[in-house]
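# Structural characterization, general
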Amino acid sequence: MMAHMLDDGYWQSDSIFYDAGNLEALSYLAQKATLDVSTKCMSTLLKRSYSNEDHYANLIHYLDLYIGAPNSRWRNDELFEHLLDSIIASPLQDVYKIVPRKRLEDLKKNKVGHYAYDLAMTYQNGKDVLLSRYKGYDVLLVLASSKCGDCQEFLKGLHNDDSIKRMLNANALKVVVLFIDNAFPEYANELSGFDIYKDSKGQILGKEIYTARILPTFYMIDKNGIVIKREVTKQK
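Before going into details, it helps to say that this report is about the structure given with it. Remember, predicted model here, so these are calculated numbers, not experimental data.

### So, helix H3 (residues 35–49)
Spacing of three or four residues puts side chains on the same side of an α-helix, whose turn is 3.6 residues. An ideal rise of 1.5 Å per residue puts 21 Å on 15 residues; H3 measures up with 21 Å between its terminal C-alpha atoms. Among the residues of H3, Ser-38, Thr-39, Cys-41, Met-42, Ser-43, Leu-45, Leu-46 and Ser-49 are the ones counted as buried.

Take a look at the structure:
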């Protein structure tokens, strides 16, 4: 019934998910329905949009906003990946597949349950260190910018968190901070106990080895180098 509500509701209006009923249906599909049910409903909705460029553009925008965005409370990477696959396999012209292909490429990087991509990170003394050196430790990888106010606020709050301090003191966790804009902020020296690096090789902003659509962004990596959480925002 919820899937039917979304399917019908969208085509009654160009405002798509502004309607409370549509949002309720989308929330159900992203959070409670099985992947098969969600994929079938949303794929049907997508196919119906292919004949109308405005509807398609509108629908893609809101699916990205509500299901694909890292800070969305309805984020569902698995569902979003299935939808992107269906778009790329569709008869749409290639111009309409540029953004979906990019989103799918990002989703497949550092997937949960897979080995984390290695990174070469630069210490303040200029020495390069590989992320893989932390194998054997649980790692919280923080991607930040030296000019990001939210990053500064969060990192200082994290540094003062008692539970984080206990894990660091027990050698149960490593907090690895990588400033992706190749610069260290003035407050970097205040983050004692954290391992602070900069991305001098442009691996995030240039090569996009890790996805960071919103800063700060976090990845949790276990002792074996396996990603257990990806592209988590401070809101999450």
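### Things to note about the layout of surface pockets
If you add up the space inside the largest pocket, you get close to 330 Å³. Every residue lining the largest pocket is counted, 12 residues in all, and those nearest its centre are Arg-75, Asp-77, Val-112, Lys-229 and Arg-230. The biggest single contributor to the lining of the largest pocket is strand E7 (residues 227–233), with 4 residues. Residue composition of the lining of the largest pocket, by class: 4 nonpolar, no polar and 8 charged. If you trace the second largest pocket, you find 15 residues lining it, with Ala-116, Leu-131, Ser-132, Lys-135 and Gly-225 closest to the centre.

### A few points about the environment of Leu-45
Tracing the backbone shows Leu-45 in helix H3. Look at Leu-45 and you get buried, because its relative accessible area is 0%.

### Side note on the pattern of salt bridges
If the charged atoms of two oppositely charged side chains come close together, the side chains can form a pair. Using the criterion set out here, one finds 15 salt bridges in the structure. A salt bridge links Lys-109 to Asp-106, with the shortest nitrogen-to-oxygen separation between them at 3.5 Å. Lys-109 gets classed as buried once you look at its relative accessible area, which sits at 7%. For Asp-106, a relative accessible area of 8% gives the class buried. The partner of Lys-156 in a salt bridge is Glu-190, with the nearest N and O atoms 3.5 Å apart. On the criterion of sequence distance, the pair formed by Lys-156 in helix H7 (residues 149–159) and Glu-190 in the loop between strand E4 (174–179) and strand E5 (195–198) is long-range, its members being 34 residues apart. On the accessibility criterion, Glu-190 (48% relative accessible area) is partly exposed.

### Quick look at the packing of H3 against helix H4 (residues 53–68)
Describing two packed helices takes the angle between their axes plus the distance from one axis to the other. In contact at an axis separation of 8 Å, H3 and H4 are set at 150 degrees when each is read in the N-to-C sense. Regarding the angle of H3 to H4, the classification is roughly antiparallel. Contacts between H3 and H4 involve Met-42, Leu-45, Leu-46 and Ser-49 from the first element and His-55, Tyr-56, Leu-59, Ile-60 and Leu-63 from the second. Here the contact of H3 with H4 is built from residues that sort into 7 nonpolar, 2 polar and no charged.

### Section: the environment of Pro-185
Structurally, Pro-185 can be placed in the loop between E4 and E5. Excluding its chain neighbours within four sequence positions, the residues that come into contact with Pro-185 are Ser-146 and Phe-179.

### Things to note about the packing of helix H5 (residues 77–88) against helix H6 (residues 98–107)
Two elements in contact, H5 and H6, have axes separated by 9 Å at closest approach and are oriented at 140 degrees. Classified by the angle between their axes, H5 and H6 sit oblique to one another. Relative to H6, H5 is oriented so that their crossing is left-handed. Of the residues in H6, those in contact with Asp-77, Phe-80, Glu-81, Leu-84, Asp-85, Ile-87 and Ile-88 of H5 are Pro-100, Arg-101, Arg-103, Leu-104 and Leu-107. When the residues that make up the contact of H5 with H6 are grouped by side-chain class, the tally is 7 nonpolar, no polar and 5 charged.

### A closer look at the side chain of Asp-199
Structurally, Asp-199 can be placed in the loop between E5 and strand E6 (217–221). Despite being buried, Asp-199 has no salt bridge partner; Lys-201 is the closest side chain of opposite charge, sitting 7.8 Å away. A distance of 3.2 Å separates a polar atom in the side chain of Asp-199 from the backbone nitrogen of Gly-202.

### Side note on the pairing of E7
Pairing between E6 and E7: 4 bridges, direction antiparallel. Bridged to Thr-217 within E7 is Thr-233. In textbook terms, the turn of a hairpin is the stretch between consecutive antiparallel strands, and for E6 and E7 this stretch comprises 5 residues, one of which, Gly-225, has a positive phi near 85 degrees.

### What to know about a nonpolar patch on the surface
Together, Val-95, Ile-98 and Val-99 make up a nonpolar patch on the protein surface, roughly 280 Å² of accessible area in all. Here Ile-98 falls in the exposed class, since its relative accessible area comes to 54%.

### Quick notes on the packing of aromatic side chains
Following the criterion strictly, the structure yields 8 aromatic pairs and no others. Between the aromatic rings of Tyr-123 and Tyr-197, the centroid separation amounts to 4.6 Å while the plane-to-plane angle is 35 degrees, which identifies the pairing as tilted. One end of the pair, Tyr-123, is in the loop between strand E1 (120–122) and strand E2 (128–130); the other, Tyr-197, is in strand E5, and 74 residues separate them in sequence. Residue Tyr-197 is classed as buried on the basis of its relative accessible area, which comes to 0%. Where Tyr-210 meets Tyr-219, the ring centres are 4.9 Å apart and the plane angle is 85 degrees; that geometry is what we call edge-to-face. Given the relative accessible area of 0%, Tyr-219 is considered buried. Three or more aromatic residues link up through ring pairs in this structure, and these residues are Tyr-50, Tyr-56 and Tyr-96. One Lys or Arg, Arg-133, reaches over the ring of Tyr-134 and ends 5.4 Å from the middle of that ring.

Cut-off values and rules
Residues numbered from 1 in each chain as written. Predicted model: local features only at pLDDT ≥ 70, side-chain atom pairs only at ≥ 80, totals over all residues. Heavy atoms only, no water. Helix = DSSP H or I, 4+ residues; strand = E, 2+ residues; numbered from the N terminus. Expected span 1.5 Å × (residues − 1). Buried < 20%, exposed > 50% of the residue type's maximum accessible area, 1.4 Å probe, protein only. 1 Å grid on protein atoms, 1.4 Å probe; cavity = no way out; pocket = protein on both sides within 12 Å on 5 of 7 lines; lining within 4 Å. Points joined across faces, edges and corners; volume = space filled by probe spheres on them. Nonpolar A, V, L, I, M, F, W, Y, C, P; charged D, E, K, R; others polar. Salt bridge = Lys/Arg side-chain N within 4 Å of Asp/Glu carboxyl O. Axes fitted to C-alpha atoms, helices over the stretch in contact; angles between N-to-C directions. Parallel < 35°, antiparallel > 145°, perpendicular 65-115°, else oblique. Contact = heavy atoms within 4.5 Å. Left-handed = near helix turned anticlockwise from the far one by under 90°. Lys, Arg positive; Asp, Glu negative; His and termini not counted. Polar contact = N/O pair within 3.5 Å; in protein donor to acceptor, adjacent residues only side chain to side chain. Pairing = 2+ DSSP bridges. Patch = residues over 30% accessible without salt bridge, like charges linked within 9 Å, V, L, I, M, F, W, Y side chains within 5 Å. Areas by Shrake-Rupley, 256 points an atom, 1.4 Å probe, with all protein chains shown as cover. Phe/Tyr/Trp six-rings, centres within 6.5 Å; stacked < 30°, edge-to-face > 60°. Lys NZ or Arg CZ within 6 Å of the ring centre and 35° of its normal.

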